[in-house]
Every structure is written in structure tokens, then in C-alpha cells.
Amino acid sequence: MPYLTWKSFDWKLGAWGIFEAIKDKPNVFFLDSSLRRSALGRYSFLGFEPFYIFKAKGQKDSLNQLRELLKRYKLVNPKFPFLGGAVGYLAYDFGLSLENIEEKAKDDLGLPDVFFGFYDVIIAIDHWQRKLTIFSTGFPEKGSFLAKKRSEQRLKQFIQELSKQGRHSGCVAMSLRGAAGDAAISKTGLPACRQGRLHPLGVRNDKLAIKLISNFTKEKYLKAVTKAKDYIKKGDIYQVNLSQRFSAQTPLSSFDLYQKLRQASPSDFSAYLDCGDFQIISSSPERFLNFDGKKVSTRPMKGTRPRGTNPRADARHKRDLLQSPKDKAELLMIVDLLRNDLGRVCKYGSIKVSSMRALEAYSTVYQTTASIEGVLHPEKDRIDLLKACFPGGSITGCPKIRSMRIIEELEPTKRAIYTGSLGYLSFNNTLDLNILIRTILKKSDKIYFQAGGGIVADSQAENEYQETLTKAQGIFRALKCEGV
């Protein structure tokens, strides 16, 4: 018998101080609604020390294995989105296995395709109600007596650990009674950044010099765009997402990188995940899938413009995006693709487009986003949903399978986590995953991050190349930031 215990506290500090207190714990995660501007950013979740880690590479049945694991740990409480469960990622390359696509690109990182830690205790912060709740499930114990004992012991352990870490770090008063302010926000807002013309292969300031290397030369990227357009002209595809990967060495810790990225480019679906010998540092603005036990929703993004350097330029960029036939057509194509994906597992007639094209403003870019909803068929589950939709259509192209084959042909290295998904599958049958864009992978002293854009028939190769730099602007800015 499962046993759930919890304790709630009034909490006005936000989530950053908690993360700072536990950042060195094994397999720490932080599902971070750092933007907190809408219902999308209501909750943040944190945890560490999973009782089990599931990881796999090149195994098509990995999702079936994940389903069987989740069947062992069930809670019946659909009223809260996440009470504990599996937190981790699906790499983009796992989609190649799902669809039996021949792999051609170089796998130079060797990361797992699937990685999920099972967390019996999690910390949930409700930014609306200013409440912090620690949930403890008692898993993996099965007997009611042992589950109750573990649940209560682990809850007490977490409260004591947070209090101890808070006193030692001095980052936040961890009395768990709440206090005014937010440890994540400095008095001046964003950290001071060096301004000037962006060069894609060099990011420098007085204290730090980072040399970026791309897996494409500019010339080769432009040729890849031309090749993609040839496939479109021949009728193979309507659109394909093409990206380039940057890499560099850095003395910065994963925590420091996340702090800089979070402040330079806050987003609703930011995340930090320690996978042991590598870390994922994300400021993703895009939700892949959300499932509340019945209803499914997805929010694809297509169409990007940089923020202007002054109000007039900012308004011009916004107007240009909204009036662009190309960007509007791109988003429409992806909406149709995702409606089709959801149609494979949702009840007939339940799928609707709740928002066709909404403009969203971020610190470095404007984006346009659609929202699509459906009701999962009673004979299908969360794993069926993932199989039907992964990877997200907004970062592959249309039609999806042919686009993925072309990506595998044109991009020289495996995408690994880039354009995969990170988030949770809760013990109470919910799910929430982002799309891993605007994301840094740190492995030892090296960092990797990737940026791309949708290629269509009237794409201009130079413009597409510049769009990849625009989308990486938040990371470029984070790497150039002075210490906070």
C-alpha cells in the first residue's frame, strides 16, 4: 500500500534559495518556472537522491520498460500536478530508435537516450499561493507499515537537511516559516553584460574568455540549408528544422552556468538536472506535452525575432514577426502535424486548437506559439502518448519521419539531448515535459549547446543562419555576464 505524507509552509522566497541549498546533492533536479508570468509558471519542483535511476541507449522498448517501472509506484491523487515520480529526459536521438531511422550522424558524446531518476520525496513551490510543500511517498517500500515509516522518516530528513544546508550556505533563512523577498533576484535585475557586436565564435569579457566552436562552418551551414530546400522543391518535405551545435571549454561550474542563464534568459520551462557525469542546464520556453490524467496539451513554437535595442526597433521586430507569411505558414504546418500526432491517441473529436498564434516576449527574442488540446483515449496511457508524439514536431519538420531522416543526413553530429524533452512523469499519472531548446549540456569542463530554425521553400540561407544566432542569444549573453 502506498503512503503519502506531506508538510506545507508559507513561503515567500521563490525557489532559488532552495536550489542553492541542495545544489551539490546527488542527482539534484530543479524544474524551474523562473519566468512565473502566467499559469504555465505557477509551480517549481525540486528534489535529490532518487531511489532508482533508469537509463538506456539504443533500446526501442525503453518506454515500455519505463511504463512497467511506473506501474510499481502509483498514487491516486490527481488534484496536484506532481507529488513525486520519474524526473529525467528523452534524448532527441531516442526518436530515431522509435521510428527505425538509420543513424548516420556522429555520436561524439555517448549520452544515454533515456534517463529518469525515481524520486520518492520532492519539494513543490506554488508561486501563486506562496506555499512550499514537501511530499514524501514512502516508495520504494510496498508494505503499509514500512511505507509509512519511510515516508515519515524521509520527510523529517528533508526538513532537517534543508534547514542545515540553509544555515551553512547562508543563502536563505531555511527555518521553513517563510520570509519576504526572493533570493533569485538581485537588486539590479539582470547582471551587467558586455555589449557589442555578437561574434558566433567568440564570447569574451574581462574575467572570462570562451572560444566557441561550431560543428558547421558558416559556408557548410548555408549549403545544408540549400540542400534542405532542394528536398522541399522535390516534394519530399514541406519544412525541416536544421541546427548547428556550439561547444567550448569553461571553468564555470554547472551551478554558475545555470545561475547566469536563468538571469539572462528566464523561461516558464527552465530546468537543471544532474545526471552524474553530465548536467543539463535549460532555459526552454517551450512545453512539449502536459497531461493532467485526462486532458493533453502541447504548445509548439514557430517564428522568432530578436528583441530590439530600443523601443522603436523592438516594435518593428514584433510587427515583422506578426506580419510574416513565412512564419505564420510554418506554425500552421506544425499545428496540423501535432493535431495528427495527438489524433493517434486522443478521443475522436476532442482535439482543438485553443490558440492559433500568440505572440510571446522573452528577454532576447519574440516567439509565436500555438496551443492544442485533446482528451486521451481511455484505452491509452502516458507512454502511448509519448510514443505517438516524440520527438516534438516543432523541432523536426513536416512530414516528421522524412524530416528526421534529412536531419540525420545533414547535421554532422548527433543532437543528443538537444530538441529532446525533460520533465516529470508523476506517480499520480500526470506528465509535463519541455522541449530542450535554449539548453546547455555540461560534461566535465566542456559545454555544448545548439540552435536551429525551420527551413521552408522561401527560406533565405543567410537569414536562417542568423536565426540560429538569434536563438542562442540568451546563452551567449549568459556566457558574457559578469559575476552576479
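For the structure itself, consult the block above.
Below you will find a few notes about this structure. (Residues numbered from 1 in each chain as written. Predicted model: local features only at pLDDT ≥ 70, side-chain atom pairs only at ≥ 80, totals over all residues. Heavy atoms only, no water.)

Applying the stated rule across the entire model yields 31 salt bridges. Asp108 is the partner of Arg245 in a salt bridge, and the nearest nitrogen-oxygen pair spans 2.7 Å. Within this pair, whereas Arg245 is found in strand β12 (residues 239–249), its partner Asp108 is found in the loop between α3 (94–98) and β6 (114–119), the two being separated by 137 residues in sequence. Classification of Arg245 as buried rests on a relative accessible area of 7%. Ionic pairing is found between Arg287 and Asp432, a salt bridge with its closest N-O pair at 2.9 Å. Of the two residues, Arg287 is situated in strand β15 (residues 287–291) and Asp432 in strand β22 (residues 431–434); the sequence distance between them amounts to 145 residues. (Salt bridge = Lys/Arg side-chain N within 4 Å of Asp/Glu carboxyl O. Helix = DSSP H or I, 4+ residues; strand = E, 2+ residues; numbered from the N terminus. Buried < 20%, exposed > 50% of the residue type's maximum accessible area, 1.4 Å probe, protein only.)

This paragraph deals with helix α6 (residues 254–264). Along α6, ten of the eleven residues are buried, which leaves the element largely enclosed by surrounding structure. By the burial criterion, the buried members of α6 are Ser254, Phe255, Leu257, Tyr258, Gln259, Lys260, Leu261, Arg262, Gln263 and Ala264.

Its place among the elements puts Ala228 in helix α5 (residues 218–234). Under the relative-accessibility criterion, Ala228 is labelled buried at 0%. Taking the C-alpha atoms as reference, Ala228 lies 8.3 Å from Val456; in sequence the two are 228 residues apart. Those residues in contact with Ala228 that sit more than four places away from it in its chain are Ile237, Val240, Leu410 and Ile455. (Contact = heavy atoms within 4.5 Å.)

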